[in-house]
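Below are the chains, spelled out letter by letter.
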Amino acid sequence: MNRRDLDFMLYELLDIGGLTGAPRFAMHDRAAFDGVLDAAMKLAEQKFLPHAAKLDANEPHFDGERVHIIPEVREALDAYVEGGWMSAAFDERHGGMQLPYAVVAAANGIFVAANCGTSGYPFLTSAAANLLRAHGTPEQQTRYMKPMLEGRWFGTMCLSEPQAGSSLGDIRTRAIPQADGSYHLVGNKMWISGGEHDLSENIVHLVLARIDGAPAGVKGISLFIVPKHRVNPDGSLGARNGVRLAGLNHKMGYRGTVNTALNFGETVPAVGQIVGSPGQGLACMFHMMNEARIGVGMGAATMGYAGYLFSLDYARQRPQGRPASAKDPASKPVMIIEHSDVRRMLLQQKAYVEGGLALCLYCAKLVDEQSIEQDPKRREELHLLLEILTPMAKAWPSDFCLEANKLAIQVLGGYGYTRDYPVERYYRDNRLNPIHEGTNGIQGLDLLGRKVTMHNGAALRLLLGRIGATVKAASAVPELAEYAQALKQAADTAAQVTMTLGQAALQGKLDLFLANAHLYLEMMGHTVIAWLWLEQASKAQAALAGAGAADRAFYAGKLRACRYFFRYELPKAARQAELLARLDDTCLAMSADEF
């Protein structure tokens, strides 16, 4: 990771230091935040990065009795737990550091960039613990959340099933009420990351299931705690619960995080406790899923960033070829960064990864602002902004920072396609991110079908209002006026297209309304990234005059990347808007037999 850029994002772009004015974060200052990031960089470099390639080449395997994982994973996780990272964002009363989520998200990004496979275990655990913090009873928090935050137990989220995939309304796992208030779960879950291992004393599975007699669809889904080992009243481990490994899924990338199919209640009862009320399972689980979606976007951005930095370093050191203007074939070859097409690929990567990182950190700061805001109206506005941005924060980096990984391979040429260099692994690892935690197609449906229409379009109006404020401020800066005008036009077009699509929905043309939801997601995503690039450029332009030599190059790079995004990328949104506005039915009208 580029630490200078993290500092720019957190302190210059987002003013994270301003959060310390709130009582919740008053015990911290910038020095503390810097110390956290320094510690993350050190731990990632010493314990996570060194075994990333080995873990990829030696993925977890099952011998019929237990899952085997290379020992370096346990060593890294022990150091992670010892450093207090598992509970970093939690309140002091829960044993945490009470850090802003934005700082923790930045640190998490560093760990993912170093080794996404090993990072998966604690990140899932923290998210599961946070769900119990929000929705669990005090007894459940003591019995399950506390050991997770201490790093003694790990956690999972069990949503998908083999026959249902992302269609959660079709899950079949049953929850059978027992006389003592517990439930016996019977069914199968698929794609469960961290579902079986010996890295922790226990695994706390958070499982979606349907109580016998519950209505069909998502309204009949409840959420249950189903631990690998049952837990006695005093917190000690009891007998093995009825959760059994059915098999491992062998993946293209992200190989270090064991991924499982699990059977519940196959031969031994799988005893669970309900979280929240019956029928509220999906609402509870979305607390974890929304956190995970921001995390997916952050991971995608930082894996893209890692590939960009590696290809940049390679391009600066690899001599090959000569400029077109060089007439002497015996002249010395130049470094490939001197070739225009290589610079194009590097600049495109920079625009994608720094734009994606800005979006994810912006969302993380919204989480922090919500947690400290006292005014209910203002808190609701922050909630709405986060709601509309979350699908974009998950999908845009996982699409376009994956594209950055592809470009990194291209910069290295044939070497990039070999396992001698990490860029092909970054691509394989990052390829999961458009799929998990709700495919990007689902994010498009969520954005257009729910988020832009919620509360009569209140979330979209708030977002467009913030974009408008940036446009107004940048219009007064001559160097940025071109970009301000382009962003205004893109935002106005997005608003008009949304109205057109909304009219189709009001007319009952729901299939046509949502037919090109993925195009709408990309159009809005590019518009939002352009907004955040203009924000970055505004900060860079203001700081440029008083900057030292090293910072002048950094800020000039920001301005160049902004220029690239506005001239090469944002125009794509106009074409997408054109197709959306005409309610194009090309994809919808294609029948199955015509393929």
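Values in this document were obtained by computation on a predicted structure and should not be read as measured data.

**A word on helix H17 (residues 549-569)**
For H17, spanning 21 residues, the distance from its first C-alpha to its last is 29 Å, which sits close to the expected 30 Å at 1.5 Å a residue. Every buried residue belonging to H17 is among Phe554, Tyr555, Gly557, Lys558, Leu559, Ala561, Cys562, Tyr564, Phe565, Phe566 and Glu569, and all of these are buried. Its buried side turned inward, H17 meets helix H1 (3-13), helix H9 (340-372), helix H10 (376-412), helix H14 (481-506), helix H16 (517-544) and helix H18 (571-581).

**Here we look at helix H2 (residues 30-48)**
Owing to its 3.6 residues per turn, the α-helix aligns residues three or four sequence positions apart on the same side. Taking 1.5 Å per residue, 19 residues should reach 27 Å; H2 reaches 25 Å between its end C-alpha atoms and fits that length. Against H1, helix H3 (52-57), helix H4 (71-82), helix H5 (101-114) and helix H6 (116-135) lie the buried residues of H2. The backbone nitrogen of Ala31 has a side-chain oxygen 3.2 Å away, supplied by the residue at the start of H2, namely Asp29.

**Some points on the packing of helix H8 (residues 281-317) against H10**
Helices that pack against each other are described as a pair by the angle of their axes relative to one another and the distance between those axes. Axis separation between H8 and H10 bottoms out at 8 Å; the angle between their running directions is 25°. Regarding the angle of H8 to H10, the classification is roughly parallel. Here the hand of the crossing between H8 and H10 comes out left-handed.

**Observations regarding the pattern of salt bridges**
Per the counting criterion, the structure on display carries 39 salt bridges. The salt bridge partner of Glu139 is Arg143, with a shortest N-O separation of 2.8 Å. Taken as a pair, Glu139 and Arg143 lie in helix H7 (residues 138-149) at a separation of four residues, close to a single helical turn. Using a relative accessible area of 16% as the deciding quantity, one classes Arg143 as buried. Note that Glu201 is salt-bridged to Arg152, the shortest N-O span being 3.5 Å. Of this pair, Glu201 sits in the loop between strand E5 (183-193) and strand E6 (202-211) while Arg152 sits in the loop between H7 and strand E3 (153-158), and the two are 49 residues apart along the sequence. A relative accessible area of 32% places Arg152 in the partly exposed class. By sharing partners, the salt bridges in this structure join Arg3, Asp7, Arg30, Asp34 and Asp38 into a single network.

**Structural notes on the side chain of Gln348**
Mapped onto the secondary structure, Gln348 falls in helix H9. Look at Gln348 and you get buried, because its relative accessible area is 9%.

**What to know about the layout of surface pockets**
Quantified by volume, the second largest pocket comes out at close to 570 Å³. As for the second largest pocket, its lining consists of 17 residues, and the residues nearest its centre are Tyr308, Leu312, Arg316, Lys350 and Gly557. Residue assignment for the lining of the second largest pocket shows that the elements contributing at least two residues are H8, H9 and H17. Partitioned by chemical class, the residues of the lining of the second largest pocket number nine nonpolar, two polar and six charged.

**A short note on empty space enclosed by the protein**
Where empty space is left becomes clear once a probe the size of a water molecule has been rolled over the atoms. Summed over all chains, the structure comprises three cavities of 30 Å³ or more. There is about 100 Å³ of room inside the largest cavity. Taken together, 16 residues line the largest cavity, and the ones lying closest to its centre are Ala52, Asn115, Cys116, Gly117 and Asp429. Those elements that provide at least two residues to the lining of the largest cavity are H3, H5, H6 and helix H11 (423-430). Both domains that meet at the lining of the largest cavity, namely domain 1 (3-150) and domain 2 (153-283), each give it at least three residues.

**Focus: the UniProt feature "domain: Acetyl-CoA dehydrogenase-like C-terminal" (unreviewed entry) in the chain**
Per the UniProt record, "domain: Acetyl-CoA dehydrogenase-like C-terminal" (unreviewed entry) is found at residues 464-590. In residues 464-590, the share of helix is 84% and the share of strand is 0%. The end C-alpha atoms are 34 Å apart.

**Quick look at the UniProt feature "domain: Acyl-CoA dehydrogenase/oxidase N-terminal" (unreviewed entry) in the chain**
The UniProt feature table records "domain: Acyl-CoA dehydrogenase/oxidase N-terminal" (unreviewed entry) at residues 37-151. For residues 37-151, the end-to-end C-alpha separation is 20 Å, with 66% helix and 3% strand making up the annotated structure.

Conventions and cut-offs
Residues numbered from 1 in each chain as written. Predicted model: local features only at pLDDT ≥ 70, side-chain atom pairs only at ≥ 80, totals over all residues. Heavy atoms only, no water. Helix = DSSP H or I, 4+ residues; strand = E, 2+ residues; numbered from the N terminus. Expected span 1.5 Å × (residues − 1). Buried < 20%, exposed > 50% of the residue type's maximum accessible area, 1.4 Å probe, protein only. Contact = heavy atoms within 4.5 Å. Polar contact = N/O pair within 3.5 Å; in protein donor to acceptor, adjacent residues only side chain to side chain. Axes fitted to C-alpha atoms, helices over the stretch in contact; angles between N-to-C directions. Parallel < 35°, antiparallel > 145°, perpendicular 65-115°, else oblique. Left-handed = near helix turned anticlockwise from the far one by under 90°. Salt bridge = Lys/Arg side-chain N within 4 Å of Asp/Glu carboxyl O. 1 Å grid on protein atoms, 1.4 Å probe; cavity = no way out; pocket = protein on both sides within 12 Å on 5 of 7 lines; lining within 4 Å. Points joined across faces, edges and corners; volume = space filled by probe spheres on them. Nonpolar A, V, L, I, M, F, W, Y, C, P; charged D, E, K, R; others polar. Domains from an automatic or database assignment. UniProt positions renumbered as here; feature names shortened; annotations may be inferred.

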